[in-house]
Amino acid sequence: MAATNDEPVSAVPLDQQRRRTYVAPTDRLITVPFLVVTVAGLMFFMYIGTLLPLIPLYIEGPLGGGEFGVGLNVAAFAVAAVVARPFIGRLANRYGRRAVMVGGTLLAATGGAGMSQVEHLAPLLGFRALTGIGEAAMFVGAATLIADLSPRDRRAEGASYFSVAIFTGLGLGPVFGEWLLDDTQFERTFVAGAIFAVGAAAVAFFAPSFVVSPDSQTGRSVESPAAPALRGLAKYIHPAAVLPGAVLALGVGGLTAFFLFIPEYSRDLGLGSSGGLFLVYSLMSLLIRIFGATLPERLGPRRMVTVALLAFAVGLLAVAIFDAVWALWFAAVMIGIGAAFNYPSLNALTVNRVNDSERAVAISSFTMFFEIGSAFSGLTIGALGQVVGKQSAFYGGVVMVLVGLFVLRRFVVPLGSPDAGPTTVRRRDIDTGRTALTSAGD
């Protein structure tokens, strides 16, 4: 495994590392390790999905924490994950991707089981922070493996397929959680959710620890002339991840507004349960990512992320303006469309700007912005909801995603940027029989 001078040397003895290293095929995307990581992700995000409606209802119900308490819960999860993520990428390089996946899932399961035993907000926030660290480790290990296993010009496609598992879990988990909760059975629902995390750890045990990527075998690994060695803060927060991560964080602000207040707000409007809304959101993302998995490479990150952020804004505006159940269903569809296009394109954009040895740190840094967005929006939108009410607080999410749209188009992939358009366009050279790869603009 290649490494810069500033990358930590693997703590695994060389002979063991060779036995735990998988050589990824250069001519296909779907492999057994790819499926193992995807199934582990599905099971783990079933657990995370179970918690989505459960924790806000638990805080506003038995714990009496109010809307701001719901925001604090998001912030505790996010801040813990943000603090941990800069170290997780280096741990993944040192001990292997599998180790951080298994360790993270078990840590998150411990947090969920602990939440089932608390009667006050403060200890719940502590266990929520533990869950945040575990989720960060699991996601970084899994997302890095997916990037390791994917050919360069199919990375957004690989991320799309992996995110099918994520959004299936996030969609089915709330339905399972609401059914098992039955309005009052909080303890058993927390414990049942944690069992999914333990199952994910068992599956992740069969994932490879290290991968020889297709890029390194074909000579297409990127060398970054502007930063040949990571030094100082860049060893923990990769520069290539900062601007795409900022757009991700602002998009997550819109998602957080939806996740925070839909469970209780849907009950206020007489819907009874938010499980169906989360299912629609998830199914929409699932269908788009399955049947439109190649769109990010074909249309490019500038167009794809623009569509995502506008979909977030339209969905949240509908809920903020119209005091009606139909607006909730419409918002679920639009949020699902936005979620389908936002992460895969930004993730591929980040990964394709770094070399193989920096990939784990770049992905760790990029995905850290999930939690940065969650923490900031959880506190601000939670406080806004406390003051002006849940429905008006959705406007806060609209503002965040529109700011994200400006940052995307002005700074991340401005018009004319080499990677603003499709990742690659294949052109057959008839005379030589070789395939040339050329960048295409927006």
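What you are looking at is a predicted structure, and each value in this text was computed from that prediction instead of being measured.

Visitor: Describe the pattern of salt bridges, naming the residues involved and giving the relevant values.
Guide: Summed over the entire model, instances satisfying the criterion amount to six salt bridges. For Asp148, the salt bridge is made with Arg97, and the minimal N-O distance between the two is 2.8 Å. Of this pair, Asp148 sits in helix H5 (residues 121-149) while Arg97 sits in helix H4 (residues 97-115), placing them 51 residues apart in sequence. Across this residue pair, the class does not change: Asp148 and Arg97 are buried. The residue Glu178 makes a salt bridge to Arg267 at a minimum N-O spacing of 2.9 Å. Of this pair, Glu178 sits in helix H6 (residues 155-181) while Arg267 sits in helix H9 (residues 239-268), and the two are 89 residues apart along the sequence. Overall, the relative accessible area of 21% leaves Arg267 in the partly exposed class. Counted as one network, the salt bridges with shared partners bring together Arg85, Glu135 and Glu371.

Visitor: I'd like a rundown of the packing of aromatic side chains, residues and numbers included.
Guide: This model, assessed by the stated rule, comprises 22 aromatic pairs. A ring pair is formed by Phe139 and Phe370, whose centres lie 5.7 Å apart and whose planes are at 80°; its orientation type is edge-to-face. Here Phe370 lies in helix H14 (residues 359-388) and Phe139 lies in helix H5, a separation of 231 residues in the sequence. Judged by relative accessible area, which is 4%, Phe139 ranks as buried. Both rings, one in Phe205 and one in Phe206, keep their centres 5.9 Å apart while their planes meet at 90°; by these two values the pair is edge-to-face. Summarising the burial analysis for this pair, Phe205 and Phe206 share the class exposed. Grouping aromatic residues by their ring pairs yields a cluster made of Phe44, Phe45, Tyr47, Phe139, Phe162, Tyr343, Phe366 and Phe370.

Visitor: Please give an account of the environment of Gly177 that cites residues and values.
Guide: Relative to the elements of secondary structure, Gly177 occurs in helix H6. Through-space distance from the C-alpha of Gly177 to that of Leu52 is 8.5 Å; in sequence the pair is 125 residues apart. Once residues within four sequence positions are removed from consideration, Gly177 is found in contact with Thr50 and Thr189.

Visitor: Quick rundown of the nonpolar core? Include the residues and the values.
Guide: Residues Phe44, Met101, Leu124, Phe258, Tyr281 and Phe394 are the most contacted members of the largest nonpolar core, which totals 103 residues. Examining the composition of this core, we find that 15 residues originate from one element, helix H2 (residues 32-60), more than from any other. Ignoring sequence-local partners within four residues, the contact set of Phe394 consists of Ala257, Phe258, Phe261, Ile262, Tyr265, Leu316, Val319 and Ala320.

About the criteria used
Residues numbered from 1 in each chain as written. Predicted model: local features only at pLDDT ≥ 70, side-chain atom pairs only at ≥ 80, totals over all residues. Heavy atoms only, no water. Salt bridge = Lys/Arg side-chain N within 4 Å of Asp/Glu carboxyl O. Helix = DSSP H or I, 4+ residues; strand = E, 2+ residues; numbered from the N terminus. Buried < 20%, exposed > 50% of the residue type's maximum accessible area, 1.4 Å probe, protein only. Phe/Tyr/Trp six-rings, centres within 6.5 Å; stacked < 30°, edge-to-face > 60°. Contact = heavy atoms within 4.5 Å. Core = buried A, V, L, I, M, F, W, Y, C linked by side-chain atoms within 4.5 Å.

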